[in-house]
Amino acid sequence: MRPSERFEKSITKDNLWLYILWLLSQREMYGYEIRPEIKRQFGFLPGKVTAYIVLNRLLASGYIRTAHTSQAGGPLRKYFAITNKGREELSIATDIYKKRLNFLKRLWSKAFKLSKKNLFINRSNEKRGWDSHLHSTKYESGGNMAKPAYVKFEVPAELVVK
């Protein structure tokens, strides 16, 4: 597994509890609807069994509670809600993620400042303001002439040094 894949896994599936607590902080949910909601809001789909294992561990640890059950003409559904202990843990985890995100923003900013000779910001569309595309100039040798070739990097707008 590449380091970038391991990193993505560590901030998504390996910390599934964080996403579940966040969803339950928004509203009560039953177990079956949590997975598709994670996919819809966060862009990854945890395994069926994994989601239930995490739910049961959160329940046993007191971070969530069973809110109620209902049947309403369908299968029995157990709804979960976040507890005060769960809200505290979610707040702590959110602060940790904010600190890490700020670190990554500084890292990106320094990387682009250090590479200023090779990178420039495309300001071709002044109506939209700064574009979030950074370009690196390279030269290809082809035939008798060297010509510039541009490699495009997609960078979130909030990380672009203005």
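Preceding block: the structure.
Given the structure is predicted, the values throughout are model-derived calculations rather than measurements.

**Student:** Looking at this structure, I do not really get the packing of helix α2 (residues 16-26) against helix α3 (residues 31-42). What am I missing?
**Tutor:** Packed helices, taken two at a time, are described by the angle between their axes plus the distance between the axes. Where α2 contacts α3, the two axes come as close as 11 Å, and the packing angle between them is 95°. With respect to their mutual orientation, α2 and α3 come out roughly perpendicular. Contacts between α2 and α3 involve L16, Y19, I20, W22 and L23 from the former and I34, E37, I38, Q41 and F42 from the latter. Per-class residue counts for the contact of α2 with α3 are eight nonpolar, one polar and one charged.

**Student:** Looking at this structure, I do not really get a nonpolar patch on the surface. What am I missing?
**Tutor:** The grouping of F7, L101, F103, L104, L107 and W108 at the surface amounts to a nonpolar patch, some 550 Å² of accessible area in total. At five residues, helix α5 (residues 84-114) tops the list of elements feeding residues into the nonpolar patch. Within the fold, W108 resides in helix α5.

**Student:** Could you clarify how one ought to interpret a positive patch on the surface in this entry?
**Tutor:** A cluster of basic side chains, namely K99, R100, R106 and K110, defines a positive patch on the protein surface. Note on placement: K110 falls in helix α5. Note on K110: relative accessible area 55%, which makes it exposed.

**Student:** Quick question: what am I supposed to make of the sheet that holds strand β3 (residues 77-82) here?
**Tutor:** Hydrogen bonds along the backbone pair up the strands of a sheet, which may run parallel or antiparallel. If you walk across this open sheet you meet the three strands as β1-β3-β2, and the pairing is antiparallel. With one partner strand each, in any of the chains shown, β1 (29-30) and β2 (64-70) form the two edges of the open sheet. Note: β2 against β3, six bridges, orientation antiparallel. When the sheet's bridge partners are listed, T66 is paired in β3 with F80. Set on the sheet, helix α4 (residues 48-61) makes contact with β2 and β3; between it and β2 the angle comes to about 115°.

Criteria and cut-off values
Residues numbered from 1 in each chain as written. Predicted model: local features only at pLDDT ≥ 70, side-chain atom pairs only at ≥ 80, totals over all residues. Heavy atoms only, no water. Axes fitted to C-alpha atoms, helices over the stretch in contact; angles between N-to-C directions. Helix = DSSP H or I, 4+ residues; strand = E, 2+ residues; numbered from the N terminus. Parallel < 35°, antiparallel > 145°, perpendicular 65-115°, else oblique. Contact = heavy atoms within 4.5 Å. Nonpolar A, V, L, I, M, F, W, Y, C, P; charged D, E, K, R; others polar. Patch = residues over 30% accessible without salt bridge, like charges linked within 9 Å, V, L, I, M, F, W, Y side chains within 5 Å. Areas by Shrake-Rupley, 256 points an atom, 1.4 Å probe, with all protein chains shown as cover. Salt bridge = Lys/Arg side-chain N within 4 Å of Asp/Glu carboxyl O. Lys, Arg positive; Asp, Glu negative; His and termini not counted. Charge placed at Lys NZ, Arg CZ, Asp CG, Glu CD. Buried < 20%, exposed > 50% of the residue type's maximum accessible area, 1.4 Å probe, protein only. Pairing = 2+ DSSP bridges.

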